[in-house]
Amino acid sequence: MAAELSRPPGPATALRGFALALVLLWLSGAALRVTILAVPPVLPRITAELGLSATDIGLLTGLPSLLFALAAVPGALLISRFGAVSALVAGLLLNAIGAAARGFAGSALGLDATTVLMCLGIAVMQPAMPPLVREWAPARIGFATAVYTNGLLMGELIPIAWVPQPVLPLVGGGWRASLAVWALPVLATALLVGALGRRSKAAADAATPRWWPDWRDPRVWRLGLMLGGVNATYFGLNGFLPGWLTAAGAPDLARPALTALNLAQIPASLLMLVLAGRLVRRPAAYASAGALLLTGVLGCVAMPGPAAVAWAGLAGFAGGMLLTLGLALPSLLGAAADVPRLAAAMFTVSYGLALGAALLAGRLWDLSGMAAMAFLPFALAALAVTLLGATLRLRPAEAPRSRDLRAEVPATDDRSGPRRP
């Protein structure tokens, strides 16, 4: 009996453990965005009932990026103390509690406070994902990252596409219940990860009190600026493209352009499920996708007619590819003990850059009186992604190798990945 228990698990057991890991990663990725994007479809109802001003709306929509930048490093502290699985569960629970509490908000201040709680949970979740990818799928980092990125992107799309029809009637047509109901899948994900997610012994042995990022590390700034360029361009186009098209005399194209921008990310993420493993170590992939992103931004400005819809779709497609590749980099570039703090620093820099680019874009528009000037920061951000991607280098010592990983993180099975249900 002892000999049987000491045998390594068979291929079927390892495959089941790996499949379960992918399911948990996808669900967690969706939980990163589903509660945030539940707001836009019901924002007119919220505004009417709570009497939100334009400033209130701006604060409500800007809080996520601000919290993601400020709370990512404390999230790394939580990971260093309790492990990535525990941190992810804690983040999911905060996310669910804050999302549900928004339905009870009686004022703009109450809505902001509950949104802060929700975003704190998401800010903890984000730096927990790269170390879990490395722990649960060490030999398939690119593919596993593509899986949870697909979940993230679907989490952005599902509330917008689904809320106006099926959900609101089910909850009586009210915005409060509509916001709270999206807390249920997040809570379910927390329970699943808590019950089935498991840290490997090697990951536990590699636990380290190091959590504060090394801000002198050039990787922090390279990764932060690359992901920040992607985020700045995506959020910037979502925020400023309608105003630009309206100023250019094509307000009817605003909705189709936004739809193309967001929908094009889905086929990109599906493509990355197939190609991410091959592309994630190739600088040319980052540079090429960055060039496509820059082309899409410039096309939207140069051709503010029907072609702008296609250019927006190109930008969305390139952004979806870059998001997947960028999120995989902390797991590839950092030693196992450094992945959480490297990821936290990347998110701090990237979301800070995205917020700063949006503020600069609005200022440039106001000062110049030209809507097209708002796109200058986003074009520069896309150019930075292209140049940084072209010069990206994965030195042999930084890139995880199968031989090293077997000693550091065992192959994904029911011992090193999630437990079998």
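Preceding this paragraph is the structure being described.
This one's a predicted model, so the numbers in the text were calculated from it and none came from an experiment. Per chain, residue numbering runs from 1 following the sequence as it is written. Where totals are concerned, whole chains, interfaces and linings use all residues; where local detail is concerned, this predicted model gives features only for residues with pLDDT of at least 70, and gives and counts side-chain atom pairs only at 80 or more. Working from all heavy atoms in the structure, the side-chain values ignore hydrogens and water.

(A) Representation of empty space enclosed by the protein in the model. Computed over the protein atoms alone on a 1 Å grid, cavities are sets of points where a 1.4 Å probe fits but cannot get out and pockets are open sets with protein on both sides within 12 Å along at least five of seven lines; a residue lines them when it has an atom within 4 Å of a point. Grid points are joined across faces, edges and corners, and a volume is the space filled by probe spheres set on the points. For the structure on display, the rule yields three cavities of 30 Å³ or more. Taken as a whole, the largest cavity holds about 150 Å³ of empty space. What lines the largest cavity is a set of 17 residues, and nearest its centre among them are Val 230, Asn 231, Tyr 234, Gln 265 and Leu 323. For helices the rule is a DSSP run of H or I covering at least 4 residues; for strands it is a run of E covering at least 2, with both sets numbered from the N terminus onward. Those elements giving two or more residues to the lining of the largest cavity turn out to be helix H7 (141–170), helix H11 (218–247) and helix H15 (307–333). Ranked by residue count, the leading element in the lining of the largest cavity is H11, at six residues. Taken together, the residues of the lining of the largest cavity break down into nine nonpolar, six polar and two charged. Its boundaries defined by the atoms lining it, the second largest cavity holds a volume of some 70 Å³. Leu 32, Arg 33, Gln 126, Met 129, Tyr 148, Leu 152, Leu 227, Asn 231, Leu 323, Leu 327, Phe 347 and Tyr 351 are the residues that line the second largest cavity. Gly is put with the polar residues, along with every residue not named as nonpolar or charged; the nonpolar set is Ala, Val, Leu, Ile, Met, Phe, Trp, Tyr, Cys and Pro, and the charged set is Asp, Glu, Lys and Arg.

(B) View of the environment of Phe 378. Structurally, the position occupied by Phe 378 is in helix H17 (residues 376–390). C-alpha of Phe 378 to C-alpha of Asn 231: the two residues are 147 residues apart in sequence and 9.5 Å apart in space. Contact partners of Phe 378, with chain neighbours within four places excluded, come to Ala 232, Thr 233, Gly 236, Phe 240, Val 297, Ala 357, Ala 358 and Ala 361. Any two residues whose heavy atoms approach within 4.5 Å at even a single point are treated as in contact.

(C) Layout of the nonpolar core. Membership of the largest hydrophobic core comes to 97 residues, with the highest contact counts inside it found for Leu 25, Ile 46, Leu 88, Leu 92 and Phe 347. A total of 13 residues in this core trace back to one element, the largest contributor, which is helix H6 (residues 108–136). Residue contacts for Leu 25: discarding those within four places in its chain leaves Met 129, Leu 132, Val 133, Trp 136, Ala 144 and Tyr 148. Counting 32 residues, the second largest nonpolar core, distinct from the first, contains Phe 240, Trp 244, Ala 250 and Ala 312. Residue types Ala, Val, Leu, Ile, Met, Phe, Trp, Tyr and Cys, when buried and joined through side-chain atoms within 4.5 Å, form a set referred to as a nonpolar core. Burial status follows relative accessibility: with a 1.4 Å probe on protein chains alone, a residue under 20% of its type maximum counts as buried, one over 50% as exposed, and anything between as partly exposed.

(D) Geometry of a nonpolar patch on the surface. What goes into a patch is any residue over 30% in relative accessible area without a salt bridge, connected to like charges within 9 Å or, for nonpolar side chains (Val, Leu, Ile, Met, Phe, Trp, Tyr), within 5 Å. Using the Shrake-Rupley algorithm and a 1.4 Å probe, accessible areas are obtained, with residue cover drawn only from the displayed protein chains. Salt bridge, as used here, is a side-chain nitrogen of Lys or Arg placed within 4 Å of a carboxyl oxygen of Asp or Glu. Taken together, Leu 93, Ile 97, Leu 187 and Leu 191 make up a surface patch of nonpolar side chains, about 360 Å² in accessible area. Going through the elements one at a time, helix H5 (84–101) and helix H9 (183–196) are the ones with two or more residues in the nonpolar patch.

(E) Spotlight on the environment of Ala 84. Mapped onto the fold, Ala 84 is located in helix H5. A C-alpha to C-alpha distance of 7.6 Å links Ala 84 and Met 129, two positions 45 residues apart in sequence.

(F) Quick look at the packing of aromatic side chains. Classification of ring pairs uses Phe, Tyr and Trp, with its six-membered ring standing for Trp, and accepts pairs whose centres are within 6.5 Å; under 30 degrees between planes counts as stacked, over 60 as edge-to-face, and the remaining range as tilted. Applying the stated criterion across every chain yields a total of 10 aromatic pairs. Plain terms: the ring middles of Trp 244 and Phe 375 are 6.2 Å apart, the flat faces sit at 70° to each other, and that makes the pair edge-to-face. A residue pair is termed long-range when its members are at least 10 positions apart, and Trp 244 in helix H11 and Phe 375 in the loop between helix H16 (339–368) and H17 qualify at 131 residues. The same class applies to Trp 244 and to Phe 375, which are both buried. Members of the aromatic cluster, each reached through a chain of ring pairs, are Phe 240, Trp 244, Trp 365, Phe 375 and Phe 378. By definition here, charges over rings are those cases where NZ of Lys or CZ of Arg is within 6 Å of the ring centre and within 35 degrees of the ring normal. When the ring centre of Phe 143 is taken as reference, the NZ or CZ atom of Arg 140 above it lies at 4.8 Å.

In short, shape yes, function no, at least from these values alone.
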